[in-house]
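# Observations on the three-dimensional arrangement
Residue strings, one per chain:
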Amino acid sequence: MMIHIKPRSCSRSDAQLHCEHKVMRTIIGKNGVTQDKQEGDHATPIGIFSLRQVFYRADRIQKPDTVLPVEALTIRDGWCDDPTHSAYNQKISLPHSARHEALWREDNVYDLIVVIGYNDEKIQPGRGSAIFMHLQRENKAPTEGCVALTEEDLRAVLAAGATAIHVHASDD
């Protein structure tokens, strides 16, 4: 089942997620959406992408109900965002010599993560990495290119059987 992200014209980072007959408020990249995603541009890539896998903090939340593969995070999990490294845009074990994000975070943003299949089949260095659906910050701050939902909404999307996401252009 495909979900749809439709940016709202009133704000670059405000969007709606359409899942079956439900519409949910979602937060996207600070610079809106783009056809030409680049590492560090703070934009969410436009296109149709598979949802690959779910990670969650088993010490904080319950395992989500989903048809996707699910894995509990560990303190050693990270994601390489260094375009010069061979592990670019891949899950890694920490410590790691290249630039990376820790998936085990102090805040709750990565307590529930869905890996969006962007730039992962034939990885192109510099075209963007670590594009996830994850939890919103309390202040609803924009993301660096991810799609952020409340925990309740993200769990509903997963339970509905979502396996793909269509991020629409602003004027779709």
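All values derive from a computational prediction rather than experimental measurement. (Residues numbered from 1 in each chain as written. Predicted model: local features only at pLDDT ≥ 70, side-chain atom pairs only at ≥ 80, totals over all residues. Heavy atoms only, no water.)

### Some thoughts on the nonpolar core
Membership of the largest hydrophobic core comes to 31 residues, with the highest contact counts inside it found for Leu-17, Ile-116, Met-133, Val-157 and Ile-165. Counting only elements with at least two residues in this core, the list comes to strand S1 (2-7), strand S2 (14-19), strand S6 (47-56), strand S11 (112-116), strand S12 (132-135), strand S13 (147-149), helix H1 (151-159) and strand S14 (164-167). Tallying contributions element by element places S6 first for this core, with 4 residues. The contact partners of Ile-165, leaving out residues within four places of it in the chain, are Met-2, Ile-3, Ile-5, Gly-47, Ile-48, Phe-49, Leu-51, Ile-116, Met-133 and Val-147. Residues Leu-103, Tyr-110, Phe-132 and Cys-146 belong to the second largest nonpolar core, which totals 11 residues. (Core = buried A, V, L, I, M, F, W, Y, C linked by side-chain atoms within 4.5 Å. Buried < 20%, exposed > 50% of the residue type's maximum accessible area, 1.4 Å probe, protein only. Helix = DSSP H or I, 4+ residues; strand = E, 2+ residues; numbered from the N terminus. Contact = heavy atoms within 4.5 Å.)

### Observations concerning the pairing of S12
Looking along a regular strand, one sees side chains alternate from face to face of the sheet. With 2 bridges joining them, S11 and S12 adopt antiparallel strand pairing. Bridge assignment links Val-115 to a residue of S12, and that residue is Phe-132. Bridge count for S12 against S13 is 3 bridges, and the pairing is parallel. Bridge pairing in S13 places Met-133 opposite Val-147. (Pairing = 2+ DSSP bridges.)

### Things to note about the pattern of salt bridges
Pairing between side chains of opposite charge can happen when their charged atoms approach one another. As enumerated under the stated definition, the model contains 14 salt bridges in all. Note that Arg-52 is salt-bridged to Glu-121, the shortest N-O span being 3.2 Å. Residue Arg-52 is found in strand S6, and its partner Glu-121 is found in the loop between S11 and S12; the two are separated by 69 residues along the sequence. By relative accessible area, Arg-52 is classed as partly exposed at 29%. Shared partners join several salt bridges into a network, and the residues in it are Arg-8, Asp-14 and Arg-25. (Salt bridge = Lys/Arg side-chain N within 4 Å of Asp/Glu carboxyl O.)

Coordinates in, geometry out; function isn't part of it.
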